[in-house]
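# Survey of secondary and tertiary structure
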Amino acid sequence: MIAPGSTIGILGGGQLGRMLALAAASMGYRVHVLAPEAELPAGDVAAVVTRAEYTDFAALEVFAASVDVVTFEFENIATTAIDFLAARGLVHPGSASLAVAQDRLAEKAFVERLGGTPAPYRGVETRAELDGAIAALGTPAVLKTRRMGYDGKGQARIMTPGDADAAWSTIGAQPAVLEAWVPFDHEFSVLLARRANGETAVYPVACNVHDGGILATSTVPAPAAVMAQVPAAAALALQVAEALGHVGVLCLEFFATADGPVFNEMAPRVHNSGHWTIEGCRASQFENHIRAVCGLPLGSTALTAADVVMRNLLGDDVHDWAHLLADPRAHLHLYGKSEVKPGRKMGHVTWL
Ligand code: AMP
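Here the focus is the pairing of strand E7 (residues 155–158). Only one face of E7 is buried: it carries Ala156 and Ile158, and the other face, with Gln155 and Arg157, is open. Where strand E6 (residues 141–145) meets E7, four bridges bridge the pair, whose relative direction is antiparallel. Among the inter-strand pairings, Lys144 is bridged to a residue of E7, identified as Gln155.

Along the polypeptide, Arg147 turns up in the loop between E6 and E7. The partly exposed category is assigned to Arg147, whose relative accessible area is 43%. The spatial distance from the C-alpha of Arg147 to the C-alpha of Leu114 is 22 Å, given a sequence separation of 33 residues. Those residues within four positions of Arg147 in sequence are excluded, and the remaining contacts are Gln102 and Asp103.

A few words on the domain arrangement of the protein. Split by domain assignment, the protein resolves into domain 1 (7–91), domain 2 (120–180) and domain 3 (186–351). Centre-to-centre separation of domain 1 and domain 3, based on C-alpha positions: 22 Å. Looking only at domain 1, the three residues that lose the most surface to domain 3 are Gln15, Met19 and Glu39, adding up to 28% of its buried area. Residues Arg269 and Glu75 are paired through a salt bridge, measuring 2.4 Å at the closest nitrogen-oxygen approach. Joining domain 1 to domain 3, the criterion identifies five residue pairs in polar contact (both at pLDDT 80 or more).

Moving on, we get to the sheet that holds strand E8 (residues 176–180). What the four strands build is an open sheet, ordered E5-E8-E6-E7; its pairing is antiparallel. The two strands at the open ends of the sheet, each matched to only one other strand, are strand E5 (121–124) and E7. Here the average twist between neighbouring strands, direction ignored, is 20 degrees. Those strands touched by helix H5 (residues 104–113) are E5, E6, E7 and E8, and its axis lies near 145 degrees from that of E5.

Glancing now at the site of the ligand. Taken together, 16 residues are adjacent to the ligand, and Lys144, Glu179, Val182, Glu187 and Glu265 come closest. Within the side chain of Gln155, a nitrogen or oxygen atom sits 2.9 Å from an oxygen atom of the ligand. Glu179 places a side-chain nitrogen or oxygen 2.9 Å from a nitrogen atom of the ligand. Within the complex, the protein chains bury 94% of what would otherwise be the 480 Å² of accessible surface of the ligand. Residue composition of the shell around the ligand, by class: six nonpolar, five polar and five charged.

This next bit is on the pattern of salt bridges. By the definition in use, this model includes 15 salt bridges. Close ionic contact of Asp44 with Arg18 constitutes a salt bridge, the shortest N to O distance being 3.6 Å. Remark: Arg18 occurs in helix H1 (residues 15–26) and Asp44 occurs in the loop between strand E2 (30–35) and strand E3 (48–51); sequence separation between them is 26 residues. Of the residues examined, Arg18 reaches a relative accessible area of 14% and is grouped as buried. Here Glu242 makes a salt bridge to Arg194, at a shortest N to O gap of 3.7 Å. Of this pair, Glu242 sits in helix H9 (residues 230–244) while Arg194 sits in strand E9 (residues 186–194); the two residues are 48 residues apart in sequence, bridging distant segments of the chain. Salt bridges sharing partners connect three or more residues here, namely Asp103, Glu125 and Arg146.

About the criteria used
- Residues numbered from 1 in each chain as written.
- Predicted model: local features only at pLDDT ≥ 70, side-chain atom pairs only at ≥ 80, totals over all residues.
- Heavy atoms only, no water.
- Buried < 20%, exposed > 50% of the residue type's maximum accessible area, 1.4 Å probe, protein only.
- Helix = DSSP H or I, 4+ residues; strand = E, 2+ residues; numbered from the N terminus.
- Pairing = 2+ DSSP bridges.
- Contact = heavy atoms within 4.5 Å.
- Domains from an automatic or database assignment.
- Buried area = accessible area lost by both parts, 1.4 Å probe.
- Salt bridge = Lys/Arg side-chain N within 4 Å of Asp/Glu carboxyl O.
- Polar contact = N/O pair within 3.5 Å; in protein donor to acceptor, adjacent residues only side chain to side chain.
- Axes fitted to C-alpha atoms, helices over the stretch in contact; angles between N-to-C directions.
- Near = heavy atom within 4 Å.
- Areas by Shrake-Rupley, 256 points an atom, 1.4 Å probe, with all protein chains shown as cover.
- Nonpolar A, V, L, I, M, F, W, Y, C, P; charged D, E, K, R; others polar.

Shown next, in the form of structure tokens:
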């Protein structure tokens, strides 16, 4: 058990790290953030900040010596860095979770082996293989980079086989996965926290709406059509967590279809679709992630309100803060980012 008063190292300095650091501080922990960017939303609320690349092993050595446990808020960190830190102390989640979630092809195959159903897919290594994959899956389809994609980046829609050239260049002509387009009724995510001793806590499921590949809203409770698919999806998420020996929060995203839940992707970390849990549950995803990585008993995921809605504040939405605060049911979270860019996650608001 990593007792309160200890220092938690967080790799990554964005808003997820910021909210993790706030939860850690409220439980009496100190946080040390390591990230390369000049502006760090998490750095503003951390006790110590190291500005370094995740591959700067000299910096990682010093970082490892100054913290009691390490976690991450960002999954595109080389597993070699995680293994390096693991050799010097505790890292949760471990590199098994990271390795699977970093590679869309590995992730789909892994979930399929556990009995889950991803969208029909094909691995695509070359431009020539893309034609074969389109012939096998048909159109519409979506081409996604195997690695480094997020918020709809590194993706291209293919409406007809003639779109192949453009899609291949849009994603930067790199190893990819072609997925059949899934005609879904809703999107939802299963969020859970797991401790090293196997204790798990599953959150109520949120129904998520994306716009242009970016999460727009999460709503709880999810509609009945989603709730009917939750038992199968939650069972899969628990199996994934168990198979990976995952410690911390894990998120699996699904499409609710006429044929049942279709797995989309997973994140081995706290997730945007769980931000509503800060006020909407007795223990938020951030608190339970900290509890899990420190080996503390998990907090209750019970709802604190009958209805909860979270909306992301993207780009210029952030300027609405005064108007949003005027609603007594609204809880405003701003991430302290100075540069407003279209689609950039600047904050979120949760209504109870
Ligand atoms: P991703 O980054 O893969 O989660 O994709 C972002 C969003 O794009 C998803 O949440 C969906 O709204 C949409 N999307 C991605 N892949 C598919 C698919 N195969 N079928 C339908 N919609 C998709």
